[in-house]
4 protein chains.
Amino acid sequence: MFKKTTDTKADILKVALQLFLQKGYKNVSYQDIVKKTGLSKGAIYHYFTSKEDLLASVFTFLLSTTGQPDTEGLENRVKDIESFRKVFIRTKTEQIKGFTELTGDPSIKFNKVLFFLEAINESEELKKVIRELMQTEIEFLKRCFLSLKNHGQLPQGKDAVVLAENLYWILQGKETLMLFMPDEIIAGSFIKMYHKTVKDFFKNL
Amino acid sequence: MFKKTTDTKADILKVALQLFLQKGYKNVSYQDIVKKTGLSKGAIYHYFTSKEDLLASVFTFLLSTTGQPDTEGLENRVKDIESFRKVFIRTKTEQIKGFTELTGDPSIKFNKVLFFLEAINESEELKKVIRELMQTEIEFLKRCFLSLKNHGQLPQGKDAVVLAENLYWILQGKETLMLFMPDEIIAGSFIKMYHKTVKDFFKNL
Amino acid sequence: MFKKTTDTKADILKVALQLFLQKGYKNVSYQDIVKKTGLSKGAIYHYFTSKEDLLASVFTFLLSTTGQPDTEGLENRVKDIESFRKVFIRTKTEQIKGFTELTGDPSIKFNKVLFFLEAINESEELKKVIRELMQTEIEFLKRCFLSLKNHGQLPQGKDAVVLAENLYWILQGKETLMLFMPDEIIAGSFIKMYHKTVKDFFKNL
Amino acid sequence: MFKKTTDTKADILKVALQLFLQKGYKNVSYQDIVKKTGLSKGAIYHYFTSKEDLLASVFTFLLSTTGQPDTEGLENRVKDIESFRKVFIRTKTEQIKGFTELTGDPSIKFNKVLFFLEAINESEELKKVIRELMQTEIEFLKRCFLSLKNHGQLPQGKDAVVLAENLYWILQGKETLMLFMPDEIIAGSFIKMYHKTVKDFFKNL
DNA sequence: AATGAATGAGCGTTCATTCAT
DNA sequence: AATGAATGAACGCTCATTCAT
């Protein structure tokens, strides 16, 4: 019967997120949000005290719905390179799926990065959040590589921790490169890139 | 003598660059530039037809003064890992020196990245420029690694090209990580990071 | 009760119209409108998306409140020259009364024409509107003259349509001439001129 | 060998006139004049103390080069309706030729009127000039009609002076109507209209 | 919970004008 | 005679924000 508060709030968050990712934080005005939500300016101010507050909320919302890597029984699931690859790709696939569902856009655009940086620029607080997010991702890879090491799957003399970090940055770099491409990039292309990069990484070990 | 046209124009460019790097493109107003240059709004419009024109000019100016890697006789200068490291670090040192001199700021801030992304977001053209810039850097590393390979300095079965790319992204990633740190980062810290990363990279080869 | 939206909007329209007629469209700034309405810039933009939109609205407003000639039972009311003159003058009197009430100014100034031309110059659309307005006025005169003809009040061999058109332009011309006079012209003078011109026109037939 | 002062001054006047007639006075900036003359801003200020001064000069220039009706031996040249028509059309043809040569544009645009009104709006002085110009034109027609009357070419009871005035305004009105048409109007169309209007006028007398 | 009228600071930009050379 | 660098007021417009209802 009645629309619940949380629904309206979530609606605003979703719309704001989509707009921020599409055009960048600075380039989105209340006018845009009003138009896309169908609500009034006042309504938005009812839920968020300022644009900065809205930004922070959107960000938390984004992070909360982005799936965290599943580390349950990781040591048993990552026994060799092939199983690592499977686990890693599945994790990434889910993250991307969550992200594109949230934004209602199957493509991932350059503006995504712009939005992240703008957001971070607004508050020192967010810098920390993002740093921790990075650490979580690296940590996940580290645990995978240590598992591989324990299963005797890494060549002699290789440092699992350094390898994990290296792979993380290589993947990040290639992701960035893709965002710089002139054409639109659909989510699936990322998965393919992850596949290939991991494969090359181990081949060259 | 009298102040020459080019001086004023260069003054504006320098001030604009510094402000853009400090606060981000969108956050810099003509008012800011006016205050810092001591000129009038009209004077700036005398030299640049719009803010976007100013941005593009600042960008070209930045790139033109950033030293390109010196590839002269690279095969003779890069004979083993130690000589590679020396050549690489010197190149980077010079680039950073040029950059900090230009900005008049010995530290390198997070906003630097923000400015780059905002600029790129304004024109598809800049995307291409940046892509090419990346390619130049990677190319330089590739030539170094091929030289190492020719001198028999790379382990059997290693692909010089893949290694070069990997190192490039790892360095980029660590650079990014540094920019996310809460404290100000002076240029020297970057050099130290380059040193350590290259060393670890080869140790783990 | 409370002030209704339409009041504010109408207030703005009225003030804008008065200013436009006083100084010409280009010479009226938002500042002027702000000062005279007592509202803020933002408030005006709340109702009109741009100065051009305001102009178009003012124009429609002006035309809508300017009484259209009453053609009800015209054939019975216009039986001879004297009755035509009465009908015509009454129509004009009402139009002028409506106009001066709208502008809050009993005089009609040269700037009125300037405003019209500037407005027309802004959009091809308005050209059409004005053309149609002219046609309506001429049509009214034609119907009057045809009625006169049917009542046998026009000399042999006279073309009612041509006569109507001629009278229209002669009246327009004299109106224009009056606007070029150095002194202020009060609305009543127009009526006198209409009287005399129509009289002379028929005398000379 | 050397370009004479007057040449430069005349160049500026011509360019300014063309621009004013094309776009209206308010819509022409020094920038436009600079671009079209190839001179510098300073040069224009060297010859004209302000934009208003330039406008006044342009106007005098326009009027001085517009041929005045030739009244030499008019009584002998205007003996009947046909000869009147010939004389009148020739006069108008020359005026229009002079005008289009001056503007370098074979078409006559709506903006022409706008420019006139804007100019007049700038100074009360010009109002007088234009009034006198109108009077000259009407005077010319009056002398023609009196000549016709003297040659017994006007019907009994017709007032030559009133007829002349009427014809003047009818022609003016039709001219105005043409300027409101959406399509471009070449000079020749005006001549045709003059022909037809004069013919109709006498036919309906 | 939600509306939308109203604010006012600030934005990028245009413009006529001045003046040292 | 002519240049063009520099000025600064004013312009139309956008924006996040407030608040009475």
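Residues numbered from 1 in each chain as written. Chains lettered and ligands numbered in written order. Predicted model: local features only at pLDDT ≥ 70, side-chain atom pairs only at ≥ 80, totals over all residues. Heavy atoms only, no water.

**What to know about the relation of the copies chain C and chain D**
Next up, step 1: Mapping chain C onto chain D calls for a screw motion: a turn of 179° about the axis and a shift of 0.1 Å along it, with 0.1 Å RMSD after fitting. Within this description, the copies of the chain are treated as partners about a two-fold rotation axis.
Next up, step 2: In this assembly the copies share their binding face: 100% of the residues contributing to the interface of chain C also contribute to that of chain D. (Least-squares fit on C-alpha atoms with pLDDT ≥ 70 in both. Contact = heavy atoms within 4.5 Å.)

**Topic: the protein's contact with DNA strand F**
Next up, step 1: In the vicinity of DNA strand F, 31 residues are found, and the nearest of them are His46 and Tyr47 of chain B, Lys41 of chain C together with His46 and Tyr47 of chain D.
Next up, step 2: Backbone atoms, meaning sugar and phosphate, form 67% of the atoms of DNA strand F found within 4 Å of the protein.
Next up, step 3: Here a phosphate oxygen of DNA strand F sits 2.5 Å away from a polar atom, N or O, in the side chain of tyrosine 47 of chain B.
Next up, step 4: Contacts to DNA strand F include tyrosine 30 of chain C, whose backbone N or O atom sits 3.0 Å from a phosphate oxygen.
Next up, step 5: Those elements that provide at least two residues to the surface near DNA strand F are helix H3 (41-47) of chain A, helix H1 (5-23) and helix H3 (41-47) of chain B, helix H2 (30-37) and helix H3 (41-47) of chain C together with helix H3 (41-47) of chain D.
Next up, step 6: Residues of the surface near DNA strand F, tallied by class, amount to 13 nonpolar, 14 polar and 4 charged. (Near = heavy atom within 4 Å. Polar contact = N/O pair within 3.5 Å; in protein donor to acceptor, adjacent residues only side chain to side chain. Helix = DSSP H or I, 4+ residues; strand = E, 2+ residues; numbered from the N terminus. Nonpolar A, V, L, I, M, F, W, Y, C, P; charged D, E, K, R; others polar.)

**Points about the interface of chain C and chain D**
Next up, step 1: In this assembly, 36 residues from chain C lie in contact with 36 residues from chain D.
Next up, step 2: It is Trp169, Phe180 and Asn204 of chain C in chain C that bury the most area against chain D; as a group they hold 22% of the surface buried on that side.
Next up, step 3: On inspection of chain C and its partner chain D, the count reaches 2 salt bridges.
Next up, step 4: Residues glutamate 165 of chain C and lysine 174 of chain D are paired through a salt bridge, measuring 3.7 Å at the closest nitrogen-oxygen approach.
Next up, step 5: Connecting chain C to chain D are 10 residue pairs in polar contact (both at pLDDT 80 or more).
Next up, step 6: No other element matches the 11 residues that helix H9 (residues 160-179) of chain C contributes to the side of chain C that touches chain D.
Next up, step 7: Along the lines of polarity and charge, the residues of the side of chain C that touches chain D split into 18 nonpolar, 8 polar and 10 charged. (Buried area = accessible area lost by both parts, 1.4 Å probe. Salt bridge = Lys/Arg side-chain N within 4 Å of Asp/Glu carboxyl O.)

**Section: helix H2 (residues 30-37) of chain D**
Next up, step 1: Buried residues of H2 of chain D: Tyr30, Asp32, Ile33 and Val34 of chain D, and no others.
Next up, step 2: Following H2 of chain D by one or two positions, glycine 38 of chain D adopts a phi angle in the positive range, close to 80°. (Buried < 20%, exposed > 50% of the residue type's maximum accessible area, 1.4 Å probe, protein only.)

**Brief notes about the interface of chain A and chain B**
Next up, step 1: Each partner contributes residues to the interface: chain A has 36 residues there, and chain B has 35 residues.
Next up, step 2: Each partner contributes to the roughly 3,300 Å² buried at the junction of chain A and chain B, and carbon and sulfur atoms together form 63% of this total.
Next up, step 3: Three residues stand out in chain A for area buried against chain B, namely Trp169, Phe180 and Asn204 of chain A, and they jointly supply 21% of the buried area on that side.
Next up, step 4: Taken together, the connections running from chain A to chain B amount to 2 salt bridges.
Next up, step 5: Our count for the chain A to chain B interface comes out at 10 residue pairs in polar contact (both at pLDDT 80 or more).
Next up, step 6: When residues of the side of chain A that touches chain B are assigned to their parent elements, the largest contribution, 11 residues, is made by helix H9 (residues 160-179) of chain A.
Next up, step 7: Class assignment of the residues belonging to the side of chain A that touches chain B gives a composition of 18 nonpolar, 8 polar and 10 charged.

**Examining the domain arrangement of chain A**
All names here are of chain A.
Next up, step 1: When its domains are assigned, chain A resolves into domain 1 (8-59) and domain 2 (67-203).
Next up, step 2: On a C-alpha basis, the centroid separation for the pair domain 1 and domain 2 is 29 Å.
Next up, step 3: Across the domain 1 to domain 2 interface the summed buried area is about 1,300 Å²; carbon plus sulfur atoms make up 72%.
Next up, step 4: It is Leu21, Tyr25 and Phe59 in domain 1 that bury the most area against domain 2; as a group they hold 45% of the surface buried on that side.
Next up, step 5: Scanning the region where domain 1 abuts domain 2 turns up 4 residue pairs in polar contact (both at pLDDT 80 or more).
Next up, step 6: It is helix H1 (residues 5-23) that provides the largest number of residues to the side of domain 1 that touches domain 2, a total of 7 residues. (Domains from an automatic or database assignment.)

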